[in-house]
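# Fold and geometry: a report
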Amino acid sequence: MRDSVERLIAPACLGEDSRDIARMGQRLSRRFHNYGRNGPVTFGLAAVDIVLWDIAAQRAGQPLHALPGDAGRSEVPAYASLLRYGVAKDVASNTATAVSRGLRAIKLHEVDLPCIRAAREAMPVDIPLILDVNCA
């Protein structure tokens, strides 16, 4: 990744307005779209974005979370994104553990009905069950 930043991305950043993070990100994404959506160039673009936001927060004298919007939020809803276990009893056990830890939504990567049923039966009916079958 370091090489992609130093040899490709950094030179493309020269002369850009580092305060206009959105515009710079769009220009860089367009310029390097042929490198794909994964790999060292994509990771390098993400690193530049992170650095630009960090610089913006330092310039503003504020914590980073205060820049994009309302910093008054004291809680952020979270869900458990469980691994794909493929064994109903393991799915049930891990679902129950996540619920016992206070998570109030469960996402599965399971694709067979017995595993999905096991999760549903291991948790209260008022907790949402999310299915991500894109990993099949």
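Not measured: the values here are computed from a predicted model.

Here the focus is a nonpolar patch on the surface. Together, V111, L131 and V133 make up a nonpolar patch on the protein surface, roughly 240 Å² of accessible area in all. Relative to the helices and strands, L131 resides in strand β3 (residues 129–131).

Sheet strands pair via backbone hydrogen bonds, and the direction of the pair is either parallel or antiparallel. As summarised here, the arrangement of the three strands in space is β1-β2-β3, forming an open sheet in which the pairing is parallel. The open sheet is flanked by β1 (80–81) and β3, the only strands paired with a single partner. Bridge count between strand β2 (residues 106–108) and β3: three bridges; the pairing is parallel. Within β3, the position partnered with L108 by the bridge is L131. Against the sheet, helix α4 (residues 88–100) makes contact with β1 and β2, and its axis sits at roughly 155° relative to β2, the strand it touches most. Lying over the sheet, helix α5 (residues 113–121) contacts β2 and β3, oriented at roughly 160° with respect to β3.

Parameters at a glance
- Along each chain, residue indices are assigned from 1 in the same order as the chain's sequence is written.
- Thresholds applied to this predicted model are a pLDDT of at least 70 for local features of residues and 80 or more for the giving and counting of side-chain atom pairs; totals over whole chains, interfaces and linings are not thresholded and use all residues.
- Values reported for side chains reflect all heavy atoms of the structure, with hydrogen atoms and water molecules removed beforehand.
- Patch definition: residues above 30% relative accessible area lacking any salt bridge, with like charges linked at up to 9 Å and the nonpolar side chains Val, Leu, Ile, Met, Phe, Trp and Tyr linked at up to 5 Å.
- Each accessible area is a Shrake-Rupley estimate made with a 1.4 Å probe; only the visible protein chains count as cover when residues are assessed.
- In the sections that follow, a salt bridge refers to a side-chain nitrogen of Lys or Arg positioned within 4 Å of a carboxyl oxygen of Asp or Glu.
- Secondary structure elements are taken from DSSP: a helix is a run of H or I of four residues or more, a strand is a run of E of two residues or more, and numbering for both begins at the N terminus.
- Paired strands, in this sense, are two strands between which DSSP finds at least two bridges.
- In what follows, a contact means two residues having at least one pair of non-hydrogen atoms within 4.5 Å.
- Here an angle of 0 to 180 degrees is reported between the N-to-C directions of two axes, which are lines fitted to C-alpha atoms, with helices fitted over the stretch in contact.

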